[in-house]
Amino acid sequence: MSPEPVNRWHARRVTRTLWLVLLVSCLEALAAEAAQRWVWRGDGVSLTLEALPARSVAAFYAARGFPEAVARDIASACVLQTELVHGAQSGKLRTDLSQWRIRPQGGRPQGLSPKTRWMAKFEAEEVPPAALVAFRWSTFPWRVELAPGEQMRGMILYGLAPGLRFDVEAPLELGGELLRARFTGVRCPDDEKPTKSEEE
Amino acid sequence: MNLVRGAWNWLLLMGLLIATTAAAGPLTPLPSRPQAPDFQLKGIDDETYRLSDYRGRVVVVNFWATWCPPCREEMPSMQRAWERWRQAEIELLAVNVGESEDEVFAFAAEYDLKFPVLLDPAGREVRRWGAIGLPSTFVVDPEGRVAYRATGARDWDSDEIFRLLQALGEPRTEDRES
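Per chain, residues are indexed from 1 in the order of the written sequence. As they are written, the chains are lettered A onward and the ligands numbered 1 onward, keeping that order. For this predicted model, a pLDDT threshold of at least 70 governs which residues receive local features, and a threshold of 80 or more governs which side-chain atom pairs are given and counted, while totals over whole chains, interfaces and linings are taken from all residues. To obtain the side-chain values, all non-hydrogen atoms of the structure were used and water was disregarded.

*Asks:* Go over the overall build of chain B with me, naming the residues and quoting the values.
*Replies:* What chain B contains, in helices and strands, is 6 helices and 8 strands. Starting at the N terminus, helices and strands are each numbered in turn, a helix being any DSSP run of H or I of at least four residues and a strand any DSSP run of E of at least two. Reading chain B from its N end, one meets helices and strands in the order α-β-β-β-β-α-β-α-β-α-β-β-α-α. Taken across its 178 residues, chain B has 49% of its residues classed as buried. Of the contacts made within chain B by residues no fewer than 6 positions apart, 73% connect residues no fewer than 24 positions apart. Residue burial is assigned from relative accessible area. The probe radius is 1.4 Å, only protein chains are included, and a residue is buried under 20% of its type maximum, exposed over 50%, and partly exposed in between. Whether two residues are in contact is decided by their heavy atoms: any pair within 4.5 Å suffices.

*Asks:* I'd like a description of the overall build of chain A, backed by residues and values.
*Replies:* For chain A, the count of helices and strands is 6 helices and 9 strands. Residues counted as buried form 44% of the 200 residues belonging to chain A. In chain A, once contacts between residues fewer than 6 apart in sequence are set aside, the share between residues at least 24 apart is 70%. Working definition of accessibility: Shrake-Rupley area with a 1.4 Å probe, residue cover restricted to the visible protein chains. When the accessible surface of chain A is summed, it comes to about 10500 Å², and 53% of that surface belongs to carbon and sulfur atoms.

*Asks:* Can you explain the nonpolar core? Please cite residues and give values.
*Replies:* Each nonpolar core is a collection of buried residues, namely Ala, Val, Leu, Ile, Met, Phe, Trp, Tyr and Cys, held together in the definition by side-chain atoms within 4.5 Å. In terms of nonpolar packing, the biggest core is built from 79 residues, with Phe66 and Ile74 of chain A together with Trp85, Trp129 and Leu134 of chain B touching the most fellow members. In this view, Leu134 of chain B contacts Trp137 of chain A together with Phe63, Trp64, Ala65, Trp67, Cys68, Pro70, Cys71, Val97 and Val126 of chain B; residues no more than four positions away in its chain are not counted. With 33 residues, the next largest nonpolar core counts Cys78, Leu84, Met152 and Ala170 of chain A among its residues.

*Asks:* Help me get a handle on helix α2 (residues 69–85) of chain B, residues and values and all.
*Replies:* The terminal C-alpha atoms of α2 of chain B lie 24 Å apart, and with 17 residues this matches the ideal 24 Å at 1.5 Å per residue to within 8%. Note that bend, as reported per residue, equals the angle between axes fitted to the 7 residues terminating at that residue and the 7 residues originating from it. The largest bend along α2 of chain B reaches roughly 35 degrees and is located at Met75 of chain B, with the proline Pro76 of chain B sitting one to four residues downstream. Regarding α2 of chain B, the residues found buried are Pro70, Cys71, Glu74, Met75, Ser77, Met78, Gln79, Ala81, Trp82 and Trp85 of chain B. Among the structural elements, β7 (151–157) of chain A together with β4 (59–64), β5 (91–97), α3 (101–110), β7 (136–140) and α5 (159–169) of chain B are those in contact with the buried residues of α2 of chain B. Any helix carries an expected span of 1.5 Å times its number of residues minus one.

*Asks:* Explain the packing of aromatic side chains to me, using residue names and the numbers behind them.
*Replies:* Side-chain rings of Phe, Tyr and Trp (the six-membered ring for Trp) are treated as a pair once their centres are within 6.5 Å; stacked means planes under 30 degrees apart, edge-to-face means over 60, and tilted covers the remaining angles. The full count for this structure, using the stated rule, is 17 aromatic pairs over all chains. Ring geometry for Tyr61 of chain A and Phe66 of chain A: centres 5.3 Å apart, planes at 80 degrees, overall edge-to-face. One exposure class covers both Tyr61 of chain A and Phe66 of chain A, and it is buried. Judged by centre distance (6.0 Å) and plane angle (50 degrees), the ring pair of Phe39 of chain B and Trp129 of chain B falls under tilted. Highlighted residues: Phe39 of chain B in the loop between β1 (28–29) and β2 (40–42) and Trp129 of chain B in the loop between α4 (124–128) and β7, separated in sequence by 90 residues. Three or more aromatic residues joined by ring pairs form one cluster here, namely Phe60, Tyr61, Phe66, Trp118, Phe122 and Phe135 of chain A together with Trp67 of chain B. One cation-aromatic arrangement involves Arg64 of chain A over Phe60 of chain A; the distance from NZ or CZ to the ring centre is 5.3 Å. Counted as over-ring charges are cases with an Arg CZ or a Lys NZ within 6 Å of the ring centre that also lie within 35 degrees of the ring normal. When the ring centre of Phe162 of chain B is taken as origin, the NZ or CZ atom of Arg84 of chain B, which lies over that ring, is 4.1 Å away.

*Asks:* Before we move on, can you summarise the sheet that holds β7 of chain A with the specific residues and values?
*Replies:* Residues and elements named next belong to chain A. The pairing criterion for strands is at least two bridges between them, as found by DSSP. Overall, antiparallel pairing links the 4 strands, which are arranged β1-β2-β3-β7 in an open sheet. Looking at which strands have only one partner, the edges of the open sheet turn out to be β1 (37–42) and β7. This sheet shows a mean twist of 15 degrees between the axes of neighbouring strands, independent of strand direction. Judged from the 7 bridges that link them, strand β2 (residues 45–51) and strand β3 (residues 79–86) form a sheet pairing that is antiparallel. Following the sheet pairing, Ser46 is matched in β3 by Val85. What counts as an axis is a line fitted to C-alpha atoms, over the stretch in contact for a helix, and the angles between N-to-C directions run from 0 to 180 degrees.

*Asks:* Can you explain the sheet that holds strand β6 (residues 117–120) of chain B? Please cite residues and give values.
*Replies:* Residue and element names in this part refer to chain B. Taken together, the 6 strands give an open sheet; going across it, the order is β1-β8-β7-β4-β5-β6, and neighbouring strands pair in mixed fashion. Looking along the sheet, the strands with just one partner apiece sit at the ends: β1 and β6. Two elements, β4 and β5, share 6 bridges in a ladder whose sense is parallel. Bridged to Val59 within β5 is Glu91.

*Asks:* Kindly report on the packing of helix α4 (residues 115–124) of chain A against helix α5 (residues 129–138) of chain A, identifying the contributing residues and their values.
*Replies:* Residues and elements named next belong to chain A. Where α4 meets α5, the axes come as close as 11 Å, and the angle between the chain directions of the two elements is 165 degrees. Overall, the two elements α4 and α5 adopt an arrangement that is roughly antiparallel. At the point where α4 passes α5, the crossing takes the right-handed sense. In this structure, α4 contributes Lys115, Trp118, Met119, Phe122 and Glu123 to the contact, and α5 contributes Leu132, Phe135 and Arg136. Only Asp, Glu, Lys and Arg are considered charged, only Ala, Val, Leu, Ile, Met, Phe, Trp, Tyr, Cys and Pro nonpolar, and every remaining residue, Gly among them, polar. For the contact of α4 with α5, the residue count by class is 5 nonpolar, no polar and 3 charged. Angles below 35 degrees are treated as roughly parallel, those above 145 as roughly antiparallel, those between 65 and 115 as roughly perpendicular, and all remaining angles as oblique. For a crossing to be left-handed, the near helix must be turned anticlockwise from the far one by less than a right angle; the clockwise case is right-handed.

*Asks:* Describe the pattern of salt bridges, naming the residues involved and giving the relevant values.
*Replies:* Residues and elements named next belong to chain A. The term salt bridge refers to a pairing of a side-chain nitrogen on Lys or Arg with a carboxyl oxygen on Asp or Glu at a separation within 4 Å. For the structure on display, the rule yields 23 salt bridges over all chains. Between Glu173 and Arg94 there is a salt bridge, with the nearest N and O atoms lying 3.2 Å from each other. One end of the pair, Glu173, is in strand β8 (residues 165–174); the other, Arg94, is in strand β4 (residues 93–96), and 79 residues separate them in sequence. On the basis of relative accessibility, which here comes to 30%, the residue Glu173 falls in the partly exposed class. Among the residues examined, Arg94 registers a relative accessible area of 33% and is labelled partly exposed. Between Arg180 and Glu169 there is a salt bridge whose closest N-O contact spans 2.9 Å. Of this pair, Arg180 sits in strand β9 (residues 177–187) while Glu169 is found in strand β8, placing the two residues 11 residues apart along the sequence. Residue Glu169 is classed as partly exposed on the basis of its relative accessible area of 26%. Each of Lys92, Arg94, Glu145 and Glu173 takes part in a single network of salt bridges with overlapping partners.

Right, dumping it as structure tokens:
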């Protein structure tokens, strides 16, 4: 075989592989969108946001002792399960939710409501102490520091309307280097807010 | 054919990358070895457990909750690990955070847990230990100091972890010399 056909054969192979990579990436993105899950990966670190159906969130907090009306309010506050995985070989991985910025479509960038503010609200609503303990530990920590191999999972309340799309910018620090995890078009869960009669 | 093989290789690589990213590593050492906060907690067996009573032995303290998916995932491996650890006099205390005795008792029965399960109903101890989320596990050395930490679930019955715990229980060089 002369060199030219070999080169052409290699070029075709590379092109096909690139198309395949693109196709699989698109399929992966479509599957994630269908599952209401958004994943960012970089430098061995991954950050995953997953929309949780409002009904499941309401049922979870009601089972933990929240009055049903309060559990429904939490569920309609755009709750996303968040998982941060430190898969890099070295360096501490840190993030501070006070540095995260969210931008609702057509809106201005804003920060997240601190967990303490939610808890103060629930205390005012006379939520039982055991339920507050569950809320504290089921939500993503406000500040996280992970060593290699560690991971953290918890819920974040974005406080946005059901069905609203928004972008998230989550600064992460790995071994002193800044990583910017960005998500565009994240969607708040919009399954119908459970009504009292449905629950009964 | 090449296309199929290429696609297969690529998918395999992606799978490995994802698996590598998600895999939990070994325990995180705490070189400063801070003193472990002592506690006295009631167990679901109605016994009272005080950490300082275990001085001289390696103790694994695990904070968990029944509603926490990674906590549930690691419980079977923790039961298997405990069956092995107890032969080597390595103790395990699993501290439930914020739930009622009935809920925890039902869970322990369902998962057939035989190791001591303690109750921290107000979540006071988990805060004192500086955990940031659940599950969080701390390994206490025979001198009552925290030697390792694990944030997130682990495969507790691995040989690697068993060897780390065994080594921690052996007298250190400076201890032997003194």
